[in-house]
Amino acid sequence: MKILFAHQNFPGQYLHLARHLGADPEHQVVFITQRRDGQLPGVKNIVYKPSRAVTRQVHHYLRETEVGVLNAQQVARVALDLKRTGFVPDIMLGHNGWGEIWYLKEVFPDTPLLGYFEFFYRSEGADVGFDANAAPVFDTGPRIRTKNLGNLLGLDVVNRGQCATQWQKSLYPVRYQSILDVVHEGIDTDLVVPNAKAWLRLPRSEVVLTCDDEVVTYVARNLEPYRGFPSFMRSLPAILERRPKAQVLIVGGNETSYGPRPPAGQSYKAQMLKELEGAIDLSRVHFLGKVPYSTYLSILQISRVHVYLTYPFVLSWSMLEAMAAGCLIVASKTQPVEEVIRDGKNGLLVDFFSPETISQRVVAVLEDPGAYANLRHNARRTIVENYDLKTICLPAQLRWLDKASREGDNVDRRLGNKPCLG
């Protein structure tokens, strides 16, 4: 099989799948990306760069669409070069969010194209309007409707689409849901495991934390409102006051991944530290920034309480990995979380906007961790039984690819009787 991937941030959601396919010498795997670093055995990376920046005066509704068009054009040029060398893929996969897959069918019209669809933007029922304190603006509706131009282009061109969760699929218009399949990328539960012997030395310190310590953890790509950072920070004064031995580990950068950015030159971290100045003991609150994956796993493994908060938005891998590591999760009662966590069964759910409730739940666990041992066990079991990479998700992805390739426009399979991607 000749397999073509496209994702600007290699390998993105395709880490496990591309690694698996690249490990088979019978496959020829090519990955088109903007990222220059990173390699996977058996996967040939081709780096592209858009031909120019976005037009300075383009209407702000259309900036993301123009970014997508520029990406799509350049990916199509790379695909044309591949075609000239004789590389015609048997199947193509790519993330729709940055436009890269939009014109691939112009180059390879007979090759099945599978798109990764992460989020269909809505004016209500998801992230927009979730914060009732945010003043409604008429401009939001038209802007959000236009923001979905790329989604609609992608849905029109693909043979099938992939969504990570049922809730994310439910956001897409009903007319398109028949071509969308829920297939999660999976969690490596052989790697992400509980470890009673885990430890972490705090940066620039002789302090070593273990599972015996009262460790509260919070993880996000960036510290921002969409992942509940302000609510978490506002819960800390009560937690630290009631639990004088508690240590708080915060992982995440100071950029903005989702939602509005803070004023120029500021960060949400700086804003919260200013708001809480004098209210929290900063000697027990440790901002670790972005950490290596091995350090991140150790942080989860020593956690006594892991707090995960999110708008109704894309569900983070970190929550599922925290569950796989046997963490006791205190999570927001929002739709993507409720698809996985049942309150009192495999985690604890709280009001996203209630620092008081968050602190109460965290303190209760710190006071009597043994009373919640079954929730830790059930959290890991949930991931093993529903999201395990090797036994559940990777086989499901391979079956999905196999079915899509057999049902696609190019029927010359050369596969005999065995699954084409197994």
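Look up: the structure comes first, before these words.
Residues numbered from 1 in each chain as written. Predicted model: local features only at pLDDT ≥ 70, side-chain atom pairs only at ≥ 80, totals over all residues. Heavy atoms only, no water.

(A) Layout of the overall build of the protein chain. A tally of regular secondary structure across the protein chain gives 15 helices and 15 strands. The C-alpha radius of gyration computed for the protein chain amounts to 23 Å, which stays within 12% of the reference 22 Å derived for 422 residues, consistent with globular compactness. Considering the protein chain as a whole, with its 422 residues, one finds that 54% of them fall into the buried category. Within the protein chain, contacts between residues at least 6 apart in sequence are counted, and of these 67% link residues at least 24 apart. If you sum the accessible surface of the protein chain, you get close to 19,600 Å²; carbon and sulfur atoms cover 50% of it. Counting 49 positive and 44 negative side-chain charges, the protein chain places the centres of these two groups 3 Å from one another. (Helix = DSSP H or I, 4+ residues; strand = E, 2+ residues; numbered from the N terminus. Rg over C-alpha atoms; globule rule 2.2 N^0.38 Å. Buried < 20%, exposed > 50% of the residue type's maximum accessible area, 1.4 Å probe, protein only. Contact = heavy atoms within 4.5 Å. Areas by Shrake-Rupley, 256 points an atom, 1.4 Å probe, with all protein chains shown as cover. Lys, Arg positive; Asp, Glu negative; His and termini not counted. Charge placed at Lys NZ, Arg CZ, Asp CG, Glu CD.)

(B) Spatial organisation of the environment of Val-219. Relative to the helices and strands, Val-219 resides in strand E10 (residues 215-222). The spacing of Val-219 and Val-157 is 62 residues in sequence and 36 Å in space, taken between C-alpha atoms. Setting aside residues no more than four positions away along its own chain, Val-219 makes contact with Val-251, Tyr-296, His-306, Val-307 and Ser-318.

(C) Geometry of the packing of aromatic side chains. Counted according to the given criterion, the structure contains 21 aromatic pairs. Here Tyr-14 and Tyr-116 contribute two aromatic rings whose centre-to-centre distance is 6.4 Å and whose plane-to-plane angle is 85°, an arrangement assigned as edge-to-face. With Tyr-14 in the loop between strand E1 (2-6) and helix H1 (15-22) and Tyr-116 in strand E5 (residues 113-116), the pair connects residues that are 102 residues apart, well separated along the chain. Judged by its relative accessible area of 1%, Tyr-14 is buried. Their ring planes at 75° and their centres at 5.2 Å tell us that Phe-130 and Phe-352 sit as a pair that is edge-to-face. Here Phe-130 is found in the loop between E5 and helix H4 (140-147), whereas its partner Phe-352 is found in the loop between strand E15 (348-350) and helix H13 (355-367), with 222 residues between them in sequence. Among the aromatic residues, those joined into a cluster by ring pairs are Phe-119, Tyr-121, Phe-130, Trp-167, Tyr-226, Tyr-258, Tyr-311, Phe-313, Phe-352 and Phe-353. Above the ring of Tyr-121, the side-chain terminus of Lys-147 is found at 4.6 Å from the ring centroid. Its guanidinium or amino end placed over the ring of Phe-287, Lys-269 lies 4.5 Å from that ring's centre, counting from NZ or CZ. (Phe/Tyr/Trp six-rings, centres within 6.5 Å; stacked < 30°, edge-to-face > 60°. Lys NZ or Arg CZ within 6 Å of the ring centre and 35° of its normal.)

(D) Up close: the pairing of E5. Alternating residues of E5 divide into Leu-113 and Gly-115 and Leu-114 and Tyr-116, and every residue in both groups is buried. Taken together, the three bridges between E5 and strand E6 (residues 160-163) define a ladder with parallel strand orientation. Each residue of the ladder has a partner; that of Leu-114, found in E6, is Arg-160. (Pairing = 2+ DSSP bridges.)

(E) Quick peek at unusual backbone geometry. Here the bond from Phe-10 into Pro-11 is cis, since omega is -10°, no more than 30 degrees from zero. When you line up the elements, Pro-11 lands in the loop between E1 and H1. Although it is not a glycine, Arg-204 adopts a positive phi angle of roughly 50°. Within the secondary structure, Arg-204 is located in the loop between strand E8 (199-201) and strand E9 (208-210).

(F) Fine view of the environment of Leu-300. With respect to the helices and strands, the residue Leu-300 is situated in helix H10 (residues 293-302). Residue class for Leu-300 comes out buried when judged on its relative accessible area of 1%. In this structure the C-alpha to C-alpha distance between Leu-300 and Cys-211, which are 89 residues apart in sequence, comes to 9.8 Å. Leave out the neighbours within four places in its chain, and Leu-300 touches His-306, Glu-321, Ala-322, Ala-325 and Cys-327.

(G) Geometry of the side chain of Asn-151. By secondary structure assignment, the location of Asn-151 is in helix H5 (residues 149-157). Accessibility expressed as a relative area gives 8% for Asn-151, which makes it buried. Once residues lying within four places of it in the same chain are set aside, the contact partners of Asn-151 are Asn-96, Phe-117, Phe-119, Phe-120, Tyr-121 and Tyr-172.

(H) How the structure looks around the packing of H1 against helix H15 (residues 389-407). Running from N to C, H1 and H15 point in directions that differ by 75°, and their axes come no closer than 11 Å. With respect to H15, the element H1 is oriented roughly perpendicular. Of H15, the residues touching H1 (which contributes His-16, Leu-17, His-20 and Leu-21) are Leu-389, Leu-394, Gln-397, Leu-398 and Leu-401. Class assignment for the residues of the contact of H1 with H15 results in six nonpolar, three polar and no charged. (Axes fitted to C-alpha atoms, helices over the stretch in contact; angles between N-to-C directions. Parallel < 35°, antiparallel > 145°, perpendicular 65-115°, else oblique. Nonpolar A, V, L, I, M, F, W, Y, C, P; charged D, E, K, R; others polar.)

(I) View of helix H14 (residues 373-386). Given a rise of 1.5 Å per residue, 14 residues ought to cover 20 Å, and the 20 Å separating the end C-alpha atoms of H14 matches this to within 8%. Along H14, the residues that are buried comprise Leu-375, Arg-376, Asn-378, Ala-379, Thr-382 and Ile-383. Close packing links the buried residues of H14 with strand E13 (305-308), helix H11 (317-324) and E15. (Expected span 1.5 Å × (residues − 1).)

(J) Spotlight on the pattern of salt bridges. This structure, assessed with the given rule, holds 15 salt bridges. One salt bridge in this structure joins Arg-361 and Asp-343, with 3.4 Å as the shortest N-O distance. With Arg-361 in helix H13 and Asp-343 in the loop between helix H12 (335-338) and E15, the pair connects residues that are 18 residues apart, well separated along the chain. Taking relative accessible area as the criterion, Arg-361 reaches 26% and is therefore assigned partly exposed. Judged by its relative accessible area of 40%, Asp-343 falls in the partly exposed class. (Salt bridge = Lys/Arg side-chain N within 4 Å of Asp/Glu carboxyl O.)

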